[in-house]
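Coordinate analysis (summary)
Take a look at the letters that make up each chain.
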Amino acid sequence: MNDVARFQSGVPGSSLAGSLPHYASVEDVIQRERPVLPVYCLFPQRFVEAAARFKNFPGDAMYAVKANPAPQVLDQVHAAGTRHFDTASLAEIELIRRRFPDAHCHFMAPVRIVGAAHTAFHQHGVTDYVVDCDFELDKLLAETGGGKGVCIFVRISTPLGGALLELSSKFGTTQEDAARLLKRVVEAGVTPGLTFHVGSQCLSPLSYAKAIEMARRTAELAGIEIAALDIGGGFPGPYHNNDVPPHHSYFDAIREALAILPGQPRLMCEPGRALIAEGVSVITQVVLRKGDTLYLNDGIYGSFDELTLPGWTADYPLRVFRIDGEGHAAVQPMGRTPFRVYGPTCDTLDVLPKPLMLPDDIRPGDHIVVDAIGAYSVALRTNFNGFFPDKWVIVGN
Ligand SMILES: *Cc1c(COP(=O)(O)O)cnc(C)c1O
């Protein structure tokens, strides 16, 4: 199979990380490849910029692997300087360990499969863990033997304040209960920490300040000086129809809130989305138009699952390109027509939950480029009905 045939075939693994083709721009990919299958474009510079923002955080930023575990993306995150990873399953730990011998894994899921902590601790040397109840604490102490250097973070739940997707109903406990668990951690001779997650795509820097204050109060209730505080993820991506405050306002609010913590706890955060959203765009193609309905080569079983989540109101930035008479990919002006957009599978549910505003004369063959698609897209794709977007290119340098 030659390169072009390989490019159009959709053979999984046909674009392995490390040997990805490079292009100058998205237009360059479209005009040279005329891709009929979705193509993920990686922008190395955007990964570097995203990682650099977290230099304003006074601790370690761990990349939450679940946001996008594709090796092509992990390589960009690592190349941008990230060495700490929030690995929430054994498979994620093994993935990171194999790929980056210099990386540190932290097992920040509060509920673990039986035996996972045993393997993580004894085989991989992972020492950071999270609990939010007695059962998981007992299991964790038994599996690690309360081993040397183990740090156990108790997760508190935080109110939903400004995040699109809440993460405190499934996990986390009250401040009173967390204080009690914290005392048990100390009694077991293990290093105590606290953690929370304010919810994903959090649009309010104040949510972090309030949660840090809850952590301070929890430690005070327990009468314990915590050795570590992990403020979770939730930092937003730059979507449309979504008022994203400037990045520095998050770090300003966080620094100010941290100043009231007693002692000098080790500080960590767990950005997923914010480290990778902008680094990836996907080039899709219109397959068919019927009136104001479009059939696309990608859908909710591919890159667009996050659009279907309850509470999700943001829009990905869109651009539309058409190959003109000279063979150039030319950007098209957006129109006023809302289009219903179906994905490529035979399932009726495979439709975007909201119509897209696209050029009035959009037609088969046109390419819709969806920007800032790095988070919770690739991670959730399936191969349902034989469609599995997996073409990768590097754009820019
Ligand atoms: C999903 C998750 C993250 C990443 O959240 P983002 O909103 O993508 O930053 C971090 N920590 C935990 C425990 C998570 O479950």
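Residues numbered from 1 in each chain as written. Predicted model: local features only at pLDDT ≥ 70, side-chain atom pairs only at ≥ 80, totals over all residues. Heavy atoms only, no water.

**Concerning the packing of helix 9 (residues 205-222) against helix 10 (residues 247-258)**
Contact geometry for helix 9 and helix 10: axes closest at 8 Å, N-to-C directions at 15 degrees. As judged from the angle between their axes, helix 9 and helix 10 are roughly parallel. Between helix 9 and helix 10 lies a crossing of right-handed hand. Of the residues in helix 10, those in contact with Pro205, Tyr208, Ala209 and Ile212 of helix 9 are Ser249, Tyr250, Ala253, Ile254, Ala257 and Leu258. Taken together, the residues that form the contact of helix 9 with helix 10 break down as nine nonpolar, one polar and no charged. (Axes fitted to C-alpha atoms, helices over the stretch in contact; angles between N-to-C directions. Helix = DSSP H or I, 4+ residues; strand = E, 2+ residues; numbered from the N terminus. Parallel < 35°, antiparallel > 145°, perpendicular 65-115°, else oblique. Left-handed = near helix turned anticlockwise from the far one by under 90°. Contact = heavy atoms within 4.5 Å. Nonpolar A, V, L, I, M, F, W, Y, C, P; charged D, E, K, R; others polar.)

**Describing the site of the ligand**
Of all residues adjacent to the ligand, which total 14 residues, the nearest are Lys66, Ser200, Gly234, Glu270 and Tyr376. The contact in question runs from an oxygen atom of the ligand to an N or O atom on the backbone of Gly234, over 2.8 Å. Here an oxygen atom of the ligand and a backbone polar atom of Arg273 are 2.9 Å apart. At a threshold of 2 Å from the grid points, most atoms of the ligand map onto the largest pocket. Classifying every residue of the shell around the ligand gives four nonpolar, five polar and five charged. (Near = heavy atom within 4 Å. Polar contact = N/O pair within 3.5 Å; in protein donor to acceptor, adjacent residues only side chain to side chain. 1 Å grid on protein atoms, 1.4 Å probe; cavity = no way out; pocket = protein on both sides within 12 Å on 5 of 7 lines; lining within 4 Å. Sits in = over half its atoms within 2 Å of the grid points.)

**Things to note about the sheet that holds strand 7 (residues 151-155)**
Read across the open sheet, the eight strands follow the order 5-4-3-12-11-9-7-6; overall the sheet is parallel. Two strands close off the open sheet at either side, each with one partner strand: strand 5 (104-106) and strand 6 (128-131). Strand-to-strand twist across the sheet, computed as the mean angle between neighbouring axes with direction ignored, equals 30 degrees. For strand 3 (residues 60-64) and strand 12 (residues 266-269), the ladder comprises two bridges, and the chain directions are parallel. The partner of Ala61 across the bridge, within strand 12, is Cys269. (Pairing = 2+ DSSP bridges.)

**Section: the pairing of strand 20 (residues 391-395)**
Most of strand 20 is tucked away: five of the five residues are buried. Burial along strand 20 is two-sided: the face carrying Lys391, Val393 and Val395 and the face carrying Trp392 and Ile394 are both buried. Taken together, the two bridges between strand 1 (residues 22-23) and strand 20 define a ladder with parallel strand orientation. Counted as the bridge partner of His22 is Ile394 from strand 20. Direction of pairing for strand 2 (residues 39-42) relative to strand 20: parallel, over a ladder of four bridges. Residue pairing in the sheet places Val39 in a bridge with Lys391 of strand 20. (Buried < 20%, exposed > 50% of the residue type's maximum accessible area, 1.4 Å probe, protein only.)

**Comments concerning the pattern of salt bridges**
With the rule as written, the count across this model stands at 21 salt bridges. The shortest N-O distance in the salt bridge between Asp138 and Arg184 comes to 2.6 Å. Here Arg184 lies in helix 8 (residues 175-187) and Asp138 lies in helix 7 (residues 134-144), a separation of 46 residues in the sequence. Overall, Asp138 belongs to the partly exposed group, its relative accessible area being 40%. (Salt bridge = Lys/Arg side-chain N within 4 Å of Asp/Glu carboxyl O.)

**Here we look at the domain arrangement of the protein**
Annotation of the protein at the domain level lists domain 1 (3-42 + 278-395) and domain 2 (44-276). One C-alpha centre belongs to domain 1, the other to domain 2, and the line joining them spans 32 Å. The partner domain 2 presents 26 residues to the 30 residues of domain 1 that form the contact. Taken together, both faces of the contact between domain 1 and domain 2 bury some 2300 Å²; the carbon and sulfur share is 60%. Counting the contacts that link domain 1 with domain 2 gives two salt bridges. Arg53 serves as the salt-bridge partner of Glu278, at 3.2 Å between the closest nitrogen and oxygen. Inspection of the domain 1/domain 2 interface yields nine residue pairs in polar contact (both at pLDDT 80 or more). Going through the elements one at a time, strand 13 (280-290) and strand 20 are the ones with two or more residues in the side of domain 1 that touches domain 2. Counting residues per element, the side of domain 1 that touches domain 2 draws most heavily on strand 20, which supplies three residues. Here the residues of the side of domain 1 that touches domain 2 sort into 18 nonpolar, six polar and six charged. (Domains from an automatic or database assignment. Buried area = accessible area lost by both parts, 1.4 Å probe.)

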